[in-house]
Amino acid sequence: MQKISLFFLLMFSGYLLAQKPQKPNSVEIYNQIQKLNFLGAVLYLAAHPDDENTRLISYFSNEVKARTGYLSLTRGDGGQNLIGPELRELLGVIRTQELIEARKIDGGEQLFSRANDFGYSKTPDETLNIWDKDQVLSDVVWAIRTFKPDVIINRFDHRSPGTTHGHHTASAMLGLEAFDLANDKNNYSNQLQYTSIWQPKRIYFNTSWWFYGSREKFEKADKSNLTNLKTGVYYQSVGKSNQEIAALSRSCHQSQGFGNTGTRGEEDEYLELLKGESPKDKNNVFEGIDTTWNRVNGGKAIGELLQSVEQNFDFKNPSKSIPDLVKAYDLIQKLEDNHWKNIKSEEIKKIIAACSGLYLEAKSKTQETYASGELDIKIEAINRSSIPMELVSISLPNSENTPFNKTLNYNKLNEFDIELMVPSNIEDTAPYWLSKTGTLGMYSVENQTNIGKPDVIRNMKAIFNIKIGGSVIPFERYIIYKYNDDVKGEVYQPLDIVPIVSSSITEKVYIFNSSKAKTVAVKVKAGKENVTGTIRLEAPQNWTISPSSQPFSLTKNGEETTVNFTVTPSKEASEVHIKSSIIVDGTSFDKEKIDINYPHIYKQMVLKSAEAKAIKLDIKTGTEKIAYIMGAGDEVPNSLKQMGYEVAIVKPQEITVEKMANFDVVITGIRAYNVITDLAFKQNILFDFVKNGKTMIVQYNTTDDLVTKEIAPFPLKISRDRVTEENAEVRFLAPEHPILNVPNKITSTDFKDWKQEQGLYYPSEWDTNFTPIIAANDKGEKTKNGAILVAKHGKGTYIYTGLSFFRELPEGVSGAFRLMANMISIRN
């Protein structure tokens, strides 16, 4: 095999679409050619993943043929997760990928800012204070200057603070302000070494019935000054309506439960002009903007050539267009306008490859590799057209080209094996926005050119230099991993650079309710063959760890071993972080490798500090046996086990009188009554469980699609009430109630240092059998009394709580553990 040294170009890396290669049919190729002939752009702007109007994005991309982007200011880190236990930054990674998958369907492009979704906010003032308004505003300006939209569309109304999520209103306010600033060279001038100022033509607000309070009110409203877009388009060539495409796109947001059913027929979208030149034809957002090739100096000849390609396209033999497409490619390389030159160069290269059936692939034999390692890859190149082509060379960034000078004859498969030496200074694969420690409201991204990039930055790529006619055209392909699954067939995954060794503390929170030592297990995993070193577990000096270090040796790549340490807590109450680190040949490795695998997105790898929280806590717990009915997914059962409880996960179909007789307490996971249909048929068993002297604790559910209205033995109405200020003052409504006194005396201190919020979806109405236990409210709002509701039912106790135990327990919030212990012990 040929041996080549591989280096990487960091500034021009793009983001990976680690997917099966696109193999467009003739209709799809023709649509790409039409889009090639449109030089105009729309930027849709909102706050979160799933805020975007996919109907509009699909309409502009597929009907208008405009370059269409969605700028989501956050990655949705503060939301809930309907498909698994991941929260915060791990949920943000999932939702990032869901947006990327959505854009593949509706034809848009994805952008972000550095803003961190810190959770629900009720005012834009709070949002902009926590986000750092200036930084996020600079990111919006950066997005406008780099994407260069002619038209911006805000999803939300900047004039209605307090009527929706504070992030929503803030996004609209920032969009409107950035509309003016992007064209001012004195604002964020540091950006101008990488891009240029830009003035969009106009900015709109995408209004709808939601902003009027009801469909009836919106139907009656005067819309004479609004732009009306007829988005209910039927695309005959693909057999789908615009709404059907939009629904498929929106259904990518699986972690939020946003599966959507497509519709058909006429549909209207409305835009309100906020700033910019008013078009004479108010329903044409691109009026007054030249969206033809005449827009750029030197573009006229290109436009004439490509119009001919479009008019004479042969659906039975797309390769007939290749000679003219290559001529157009050469002309595009001569353009002075680098913005459109770069965009249209990539577009036309994809069309040339599609028209010729040119298939180029660089496939790794393994899904993971490491710095300084050898990487075996298989090259595949095939030309499935009669157009003469030659594989001149394969180039690797900052490396000499590997010459091949191989004629690519019609439909003849060409395969080559290459061994690459991975450089020693390459960074491990990880979401770039998580590589530095940020703040509550902002991620830290130091490299200006990386800000806004949607995906993990991957630099492992091969450039195939293909000669067509007299032109050598570089086709870039990322090195991927591919395997055959017996059920799924061909499966593609990204190639990851991993540490040669990683470690993870098996539990993320350890509760010490006495001075008794506990065993802490640390898993060590090899990222290469033959790894030998020493592992240490570290804690503050008033905690004792024995032994201080231990040797390990792993012979196979991917092999794991578990090393146990004895941890003795401090005498006094304290909360500390214990960290594991590994020394191999004098180099320290202190990261935990987290793989995120869901079928609707590509495998993601996150590297976090290998640590856990240890709490010496004044807490008393009982010996109750707990049945936990998992809902949307959370880590509460693990926290309960750390408290010393015996916990069993009980599936809905296992809920029988006989089975439940083995338990003292049943707890339903978050959103259980939203997602577990079988619970509707098990309520009598669960209520009888309580009636016979046991305890039932129900954690929060949303107002949407409850599987049964009878989630409690007495009437109870869930609302959207919440307390988002995590340190809001908590007042005791029933100070003598056992839940606040037995076995732990609960005080206001127990509600300090909660994370993100106190609770959500509190009941707003309840039967007189319920006793409300605590009250709290966000500043300026009415008191919310529904955080904990307790009712006697027969001999037992039913508890409904909207407190966010699913966040607080995994985060190691002491007061949450003490309060949960009291809820569990309430029957004693």
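With omega at -10°, the peptide bond leading from serine 546 into proline 547 counts as cis. Omega for the bond connecting valine 742 with proline 743 falls within 30 degrees of zero, at -5°, which places this linkage in the cis form. For asparagine 411, which is not a glycine, the phi torsion comes out positive at approximately 60°. Relative to the elements of secondary structure, asparagine 411 occurs in the loop between strand S15 (402-407) and strand S16 (414-421). Since its relative accessible area comes to 42%, asparagine 411 is described here as partly exposed.

Scanning the entire structure with this criterion turns up 41 salt bridges. We note a salt bridge from glutamate 267 to arginine 55, for which the minimum N-O separation is 3.2 Å. Within this pair, whereas glutamate 267 is found in the loop between helix H8 (242-250) and strand S10 (268-276), its partner arginine 55 is found in helix H2 (residues 54-64), the two being separated by 212 residues in sequence. Looking at glutamate 267, the relative accessible area reads 22%, which means it is partly exposed. For arginine 55, a relative accessible area of 30% gives the class partly exposed. Across the pair aspartate 268 and lysine 230 runs a salt bridge whose closest N-O atoms are separated by 2.9 Å. Highlighted residues: aspartate 268 in strand S10 and lysine 230 in strand S7 (residues 227-230), separated in sequence by 38 residues. For aspartate 268, a relative accessible area of 33% gives the class partly exposed. Note on lysine 230: relative accessible area 52%, which makes it exposed. Residues joined in a network through salt bridges with shared partners are Glu368, Arg458, Asp496, Lys593, Asp595 and Lys603.

Attention shifts here to the nonpolar core. Residues Leu640 and Ile788 are the most contacted members of the largest nonpolar core, which totals 77 residues. What isoleucine 788 contacts, discounting residues up to four positions off in sequence, is Ile739, Thr771, Pro772, Ile773, Ile774, Ile799, Tyr800, Thr801, Leu803 and Leu819. Within the second largest apolar cluster, 55 residues are counted, among which are Leu375, Met389, Leu420 and Phe464.

Before going further, it helps to examine the sheet that holds S15. The 4 strands lie next to each other as S15-S14-S17-S18, forming an open sheet whose pairing is antiparallel. Since the sheet does not close on itself, it has two edges, and those belong to S15 and strand S18 (471-478), each with one partner. Direction aside, the axes of adjacent strands within the sheet are offset by 20° on average. Examined bridge by bridge, strand S14 (residues 389-395) and S15 share 4 bridges and lie antiparallel to one another. The residue bridging leucine 391 from the neighbouring strand is lysine 406, located in S15. Across the sheet, helix H10 (residues 322-332) is in contact with strand S17 (461-468) and S18; its angle to S18 comes to roughly 90°. The strands that helix H11 (residues 338-356) touches are S14, S17 and S18; relative to S18, the one it contacts most, it runs at about 95°.

To continue, consider the sheet that holds strand S28 (residues 560-568). Taken in spatial order, the 4 strands line up as S22-S24-S28-S26 in an open sheet, and their pairing is antiparallel. Whereas interior strands pair on both sides, the edge strands pair on one side only; in this sheet they are strand S22 (501-505) and strand S26 (544-546). With strand direction ignored, the average angle separating the axes of adjacent strands in the sheet is 30°. Pairing geometry for S22 and strand S24 (residues 518-526), over 5 bridges, is antiparallel. Within S24, the position partnered with valine 501 by the bridge is alanine 526.

Reading the values: the criteria
- Residues numbered from 1 in each chain as written.
- Predicted model: local features only at pLDDT ≥ 70, side-chain atom pairs only at ≥ 80, totals over all residues.
- Heavy atoms only, no water.
- Helix = DSSP H or I, 4+ residues; strand = E, 2+ residues; numbered from the N terminus.
- Buried < 20%, exposed > 50% of the residue type's maximum accessible area, 1.4 Å probe, protein only.
- Salt bridge = Lys/Arg side-chain N within 4 Å of Asp/Glu carboxyl O.
- Core = buried A, V, L, I, M, F, W, Y, C linked by side-chain atoms within 4.5 Å.
- Contact = heavy atoms within 4.5 Å.
- Pairing = 2+ DSSP bridges.
- Axes fitted to C-alpha atoms, helices over the stretch in contact; angles between N-to-C directions.

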